[in-house]
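# Structural description and commentary
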Amino acid sequence: MQFCWLPLAFLCLDLVGGQYYGGNSYGSTGGQAIRLGLITDDATDRIRQTFEHAISVVNNELGVPLVGETEQVAYGNSVQAFGQLCRLMQNGVGAVFGPSAKHTASHLLSVCDSKDIPFIYPHLSWSGTQADGFNLHPNPEDIAHVLYDIINEFQWSRYIFCYESAEYLNILDHLMNLYGIKGPVIKVIRYDLNLNGNYKSVLRRIRKSEDNRIVVVGSTEGVAELLRQAQQVGIMNEDYTYVVGNLDLHTFELEEYRYSEVNITGIRMFSPDQEEVRDLVEKLHQELGESEPDGQGSSSITMAMALTYDAVRVIAETTKNLPYEPQMLNCSERHDNVQPDGSTFRNYMRSLEIKENTITGRIFFEGNVRKGFTFDVIELQTTGLVKVGTWEEGKKFEFQRPPQAVTFHDVDDGSLVNKTYRVLISVATKPYASIVESIDTLIGNDQYQGYGVDLIKELAEKLGFNFTFIDGGNDYGSFNKSTNTTTGMLKEIVEGRADLAITDLTITAEREEVIDFSIPFMNLGIAILYVKPQKAPPALFAFMEPFSSEVWLYLGIAYVGVSLCFFILGRLSPTEWDNPYPCIDEPEELENQFTLNNSIWFTTGALLQQGSEIAPKALSTRTISAIWWFFTLIMVSSYTANLAAFLTIENPTSPINSVKDLADNVDDVQYGAKRTGSTRNFFLTSEEPIYIKMNEYMSNNPDMLVENNQEGVEKVKSGTKYAFLMESTSIEYNMVRECNLTKVGDALDEKGYGIAMVKNWPYRDKFNNALLELQEQGVLARLKNKWWNEIGAGVCSAKSEDDGPSELAIDNLSGIYAVLIVGTIISIIVSVLCWCFFVFKKARFYAVPFCGALAEEFKIVIRFSENERVLKSAQSIYSRSRNSSQSIESLQTDSEENTRTED
Ligand code: ASP
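All of these numbers come straight from a predicted model, not from anything done at the bench. (Residues numbered from 1 in each chain as written. Predicted model: local features only at pLDDT ≥ 70, side-chain atom pairs only at ≥ 80, totals over all residues. Heavy atoms only, no water.)

A few words now on the packing of helix H22 (residues 728–735) against helix H24 (residues 779–790). One can describe the packing of H22 onto H24 by two numbers: an axis separation of 8 Å at closest approach and a directional angle of 45°. Comparing the axis directions of H22 and H24 gives the class oblique. On H24, the residues touching Thr729, Glu732 and Tyr733 of H22 are Lys784, Trp787 and Trp788. (Axes fitted to C-alpha atoms, helices over the stretch in contact; angles between N-to-C directions. Helix = DSSP H or I, 4+ residues; strand = E, 2+ residues; numbered from the N terminus. Parallel < 35°, antiparallel > 145°, perpendicular 65-115°, else oblique. Contact = heavy atoms within 4.5 Å.)

If you want it as structure tokens, here you go:
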């Protein structure tokens, strides 16, 4: 270390003057107290107040108290400062806080170094190496790093780097190192205090250049003045973006820029809400009579004050662990005495790690350089400076902009008339918005058409506002609570680049946290879009399908049963015993037409609606015939009717009939949804086991997710066994245009689409009222009909087809079976009665016992192989027959037309 100060020392000792701010006087060195010296060039006295306040705070915890001694010097007056330092040393000082003027501070540092007195410098390092004493200020390299990250987030490809003086070129140097060989185009411009505080010529150069993105680094006063003059030059408006690399941006007077729509982003090391900051503000309020903090809270606390406060904290922590008794020293060269424990004390200060009770956060050092701190990235909005992100070394920086609050400044007369809003649409999402296909070149709003476009036009007409459509892409956006980040359209609204968004944007609780929605203009639910069931290949025995197998079985049984009935009843019915040769009056034998063959033939003819030449004559056989004919009439009619339906209407089969089939991957059908959006979110957040399973499937198969609905529809159409989870309104739209697509199953949930708007938008109620009116006037229904069923529709019906005819079950036909059975039984009864009556008459005629005649007749009846019956004389049969020339059969003639003659 060079002792370049020594000649000055002799010159200046007599000039020394200063104030003694002992605060609590603990006596001189050698006692308990440790003196701390503050040499300040701050004319506002606020550094001193902070210094005093910090000492009084730490003294509450210390056994060996600290005593603050302040020397006020003129800015840049090194001689005066040196004198004050000597005075402090003579009294025995433990550490010295230096002034802001760099040359003065540099000079004092040399003196302190030579005397082993810790020198504290609470400003940006002038050397860039942080070798300038004990410095808690983040070094230029870290400042360059945070600027680099912010600029990267902005994705600037070129900008102006505006710096105040040579020491700030350290920051540029580090920036260039970070960019390496490729990086944005940087135009470097210096604004200098040597220009006597008039930066307008520099600013005019900026205005004339093509760049409107400016990074500003410099002293607090210099940057504040530059911004003030930038406004005078006319480059403080929405066209310009400033990134300020000075950590005191929060102390600037920014009120004038709040409504100029200029973008100003900066960094700070502490929040106005911290307890230490509030206490300090309170103290300043009491001591200096400063006004109470405004909404900004910390606006009066500069980095120099914060670092002074924190340095006192570091000294206090050091004295807790390290005994330190500062000695009285002499400035003179003849006295080369040094502070005995000074360097140990300074080294110990750098070895500490302090996490609490500081203003600027965690303190620890790597070598001479402070590390481990975080920066708040702040942005000027209409409400003032708002934290929009946190920068931490080694972590990826991202903006986490909170929703932009709307203040009453923004709300004027509460009317939307003549105001212009930027409305986000998604031009890839038909029918909500799309590009108009035209041979003319269309510009502006004319380029777009769709339901959403029309709806905004209707609302604009009602409320009198103007609008500009902006394509917001396919990502409607989401809000991540844990990282406080938004994406997609949500982000655009939250960050103020758009005012409204209209598309198939679902109202969700998560989105409602950062933006507002209008009342829903459409209701819907998630459903499955899949290809229509395919026609099954015709079955070989398709003609059997109109009847169930049960019906066929009973029909067969009925057919056999009725045929047998005919056969038996025919035999039982005397009338059915007929003269085979009508020309012979008295035939020897009678014939029965109801042989087994004929009976079967008769029922077959009737069943097939063809008839046969067999004509029943007896009451019983006629009865059963009639019943059988009636039965067959109904059966054949039913069969024919159902057969026609079966043959003409396809009965397609689909492997997927519900969401459960989909979850089970029935028939290897795969499925997916739109990659971003509420549908995907539904599965991500659902707690239903089936949806959890589906979510796992989709997460494990990211290629099943698509960018937009149209892509999903194409994927379904491609016939690759892919089902798309889509909102029912969009499914309806596609079903009337793509005839081979259908909706499968019921909706999984119920929700609505709303128009998104910035949080707390003052016109929300007006907007909702207008929307309600449109609903009541049927405008919404008309628009829906126009965009769903008229424009581009009509190709196929949106109605889902029914499942085709189903086979007739036994239940459908049991009545006719009952009729058949009852009719058959009645016929049998009638037949048996008639037969008994005939036998009775015969027995009486021949005067034979009834039972004998019955047995005789029965034998004839059951002789199934014979179809003729020989007419025998009564004598031969019945020995007790008396006198009868009348044949048995003639008896029958009396009662029936057909005659049989007995010998
Ligand atoms: N309507 C959905 C949304 O708002 C998009 C989708 O998931 O289909 O994100």
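Past the structure itself, the notes keep going.
What follows covers the packing of aromatic side chains. A full pass over the atoms with the stated rule returns 47 aromatic pairs. Residues Tyr432 and Trp788 carry aromatic rings whose centres are separated by 5.6 Å and whose planes lie at 80° to one another, so their mutual orientation is edge-to-face. Of this pair, Tyr432 sits in the loop between strand E14 (420–425) and strand E15 (434–435) while Trp788 sits in helix H24, and the two are 356 residues apart along the sequence. Neither Tyr432 nor Trp788 differs from the other in exposure class; each is buried. An angle of 55° between the planes, with centres 5.0 Å apart, marks the rings of Phe467 and Phe469 as tilted. Of the two residues examined, Phe467 and Phe469, each falls in the buried class. By the ring-pair criterion, three or more aromatic residues cluster together here, those being Tyr421, Tyr448, Phe465, Phe467, Phe469, Trp761, Tyr763 and Phe767. Stacked on the ring of Tyr722, the Lys or Arg Lys715 has its end atom at 5.0 Å from the ring centre. (Phe/Tyr/Trp six-rings, centres within 6.5 Å; stacked < 30°, edge-to-face > 60°. Buried < 20%, exposed > 50% of the residue type's maximum accessible area, 1.4 Å probe, protein only. Lys NZ or Arg CZ within 6 Å of the ring centre and 35° of its normal.)

A separate point is the site of the ligand. The environment of the ligand is formed by Tyr476, Asp504, Leu505, Thr506, Arg511, Gly677, Ser678, Thr679, Glu727 and Tyr753. One of the side-chain nitrogen or oxygen atoms of Glu727 is found 2.7 Å away from a nitrogen atom of the ligand. (Near = heavy atom within 4 Å. Polar contact = N/O pair within 3.5 Å; in protein donor to acceptor, adjacent residues only side chain to side chain.)

This next bit is on the state of the cysteines. This model, assessed by the stated rule, comprises one disulfide. Note that Cys86 is cross-linked by a disulfide to Cys331, the S-S spacing being 1.9 Å. The sign of the S-S torsion, about -105°, decides the handedness of the disulfide formed by Cys86 and Cys331: left-handed. Residue Cys86 is found in helix H3 (residues 78–91), and its partner Cys331 is found in the loop between helix H10 (303–321) and helix H11 (342–351); the two are separated by 245 residues along the sequence. Unpaired in this structure, Cys112 has its nearest cysteine sulfur neighbour in Cys331, at a distance of 9.0 Å. Judged by its relative accessible area of 0%, Cys112 falls in the buried class. (Disulfide = S-S within 2.5 Å.)

A grouping of Val560, Leu564, Ile568, Leu596 and Ile600 is seen on the molecular surface, where their side chains present a nonpolar patch of about 380 Å² in accessible area. Looking at the nonpolar patch, the elements that each hand over two or more residues are helix H15 (549–572) and helix H16 (596–607). The leading source of residues in the nonpolar patch is H15, at three residues. A relative accessible area of 38% places Leu596 in the partly exposed class. (Patch = residues over 30% accessible without salt bridge, like charges linked within 9 Å, V, L, I, M, F, W, Y side chains within 5 Å. Areas by Shrake-Rupley, 256 points an atom, 1.4 Å probe, with all protein chains shown as cover. Salt bridge = Lys/Arg side-chain N within 4 Å of Asp/Glu carboxyl O.)

Attention now goes to the pattern of salt bridges. As enumerated under the stated definition, the model contains 41 salt bridges in all. The closest approach of N and O atoms between Arg35 and Glu69, which form a salt bridge, is 2.9 Å. Of this pair, Arg35 sits in strand E1 (residues 34–40) while Glu69 sits in strand E2 (residues 66–72), placing them 34 residues apart in sequence. By relative accessible area, which is 10% here, Arg35 ends up buried. Judged by relative accessible area, Glu69 falls into the buried class, the value being 1%. One salt bridge connects Lys786 with Asp454, and the closest N-O pair in it is separated by 2.8 Å. Here Lys786, found in helix H24, pairs with Asp454, found in helix H12 (residues 451–463); they are 332 residues apart in sequence, far enough to count as distant. Taking relative accessible area as the criterion, Lys786 reaches 27% and is therefore assigned partly exposed.

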